[in-house]
Amino acid sequence: MCAIAGATASDDQAAVIRMLQKLVHRGPDGSDVWSDPNGAIAIGCARLATTDRSPSAGQPIHTPDGRFVLAFNGYIAGHRRLIAEYTKQGTAFKSQSDAELVLHLLAGAILHGRDIASTLEELSGQYALALWDCKTGCLWLARDPLGIKPLYVMMRPHGEIAFASEVGAF
C-alpha cells in the first residue's frame, strides 16, 4: 500500500511534506514530493515498493520530456506483459513498475486526444492517482471503479484543492 498527496497553492510543497509525514505508515520505502516550477501544485507519494523495488521506480514519476507527472497508489494486473508490449512498440521504460505503465498510457491518451476515463477503464486493477500536465496546468484525479484505493479531496481557500489517500493527512 502506498499513499499519495498533493495540494495546489503557493505553500503547496510544505503542505504536501506535512501530509506525507502523516501517511508514512502506508509507504515506508521512501517518499518524495515534486513541485511545479510555476508554483501551481505539489504532488507527493509515500511508497511501498512492491512491483519494482529499484530506485528507478520511485515516485512521483514523470515522462521523459517532463510534461506529465504522476503519483500512483495501486496495482495493475498484467502490468509486466503490458510493459513488454509497449516496449516492443517503442515506448522506453526506466522501470518495471505499474505506475510508470499508467503514466505512459495516460500521457499517450492525452497526446492522441483519447478520453482519460476510457483509458483507465481498460486497466484491470485497483488504484488512486494524480496526474499533472505541466503544459496545460490540468490535474486529473482518479480511482478505480470500485473505489478500493481511497482518494479524498478537500477544497481549500481561494478555490485551491488538496488530496490524499487518508483524511488524516489533511
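Structure's up top.
The following paragraphs examine the structure supplied in this document.

Cut-offs applied
Residues numbered from 1 in each chain as written. Predicted model: local features only at pLDDT ≥ 70, side-chain atom pairs only at ≥ 80, totals over all residues. Heavy atoms only, no water. Helix = DSSP H or I, 4+ residues; strand = E, 2+ residues; numbered from the N terminus. Rg over C-alpha atoms; globule rule 2.2 N^0.38 Å. Buried < 20%, exposed > 50% of the residue type's maximum accessible area, 1.4 Å probe, protein only. Areas by Shrake-Rupley, 256 points an atom, 1.4 Å probe, with all protein chains shown as cover. Lys, Arg positive; Asp, Glu negative; His and termini not counted. Charge placed at Lys NZ, Arg CZ, Asp CG, Glu CD. Pairing = 2+ DSSP bridges. Axes fitted to C-alpha atoms, helices over the stretch in contact; angles between N-to-C directions. Patch = residues over 30% accessible without salt bridge, like charges linked within 9 Å, V, L, I, M, F, W, Y side chains within 5 Å. Salt bridge = Lys/Arg side-chain N within 4 Å of Asp/Glu carboxyl O. Expected span 1.5 Å × (residues − 1). Polar contact = N/O pair within 3.5 Å; in protein donor to acceptor, adjacent residues only side chain to side chain. Core = buried A, V, L, I, M, F, W, Y, C linked by side-chain atoms within 4.5 Å. Contact = heavy atoms within 4.5 Å.

As a further point, take the overall build of the protein chain. Assigned secondary structure in the protein chain consists of 4 helices and 9 strands. Secondary structure elements in the protein chain, listed N-terminal to C-terminal, are β-α-β-β-β-β-α-α-α-β-β-β-β. Whereas a compact globule of 170 residues would reach a radius of gyration of roughly 15 Å, the protein chain reaches 15 Å, a difference of no more than 12%. Within the protein chain, the fraction of its 170 residues that count as buried is 49%. A total of about 8,200 Å² of accessible surface is found on the protein chain, and carbon and sulfur atoms cover 53% of it. Counting 15 positive and 17 negative side-chain charges, the protein chain places the centres of these two groups 4 Å from one another.

With that out of the way, let us pick up the sheet that holds strand 8 (residues 152–155). The 5 strands lie next to each other as 2-3-1-9-8, forming an open sheet whose pairing is antiparallel. Strands with a single pairing partner mark the edges of an open sheet, and in this sheet they are strand 2 (31–35) and strand 8. Pairs of neighbouring strands in the sheet enclose a mean axial angle of 15 degrees, with direction left out of account.

Moving on, we come to a nonpolar patch on the surface. Residues Tyr152, Met154, Val167 and Phe170 make up a contiguous nonpolar surface patch of roughly 340 Å² in combined accessible area. Counting through the fold element by element, Met154 comes out in strand 8.

Counted at 1.5 Å a residue, the expected span for helix 3 (residues 98–111) with its 14 residues is 20 Å, and the 20 Å between its end C-alpha atoms agrees. Judged by how many residues are buried, helix 3 sits mostly within the fold: 13 of 14 residues are covered. In the stretch just after helix 3, Gly113 is the one whose phi turns positive, near 75 degrees.

When you line up the elements, Arg26 lands in the loop between helix 1 (12–21) and strand 2. At 3.3 Å, the side chain of Arg26 and the side chain of Glu166 are in polar contact.

Attention now goes to the nonpolar core. Grouped together as the largest cluster of nonpolar side chains are 24 residues, with contacts concentrated most on Leu70, Phe72, Val102, Leu120, Leu129 and Leu131. Sorting elements by how many residues they give to this core places helix 3 first, with 9 residues. With near-sequence residues (within four places) excluded, Leu70 lies in contact with Gln59, Pro60, Ile61, Ala99, Val102, Leu103, Leu129, Ala130 and Leu131.

This paragraph deals with the environment of Gln89. Structurally, Gln89 is set in the loop between helix 2 (79–88) and helix 3. The exposure class assigned to Gln89 is exposed, which follows from its relative accessible area of 61%.

Read these as geometric descriptors, not functional statements.
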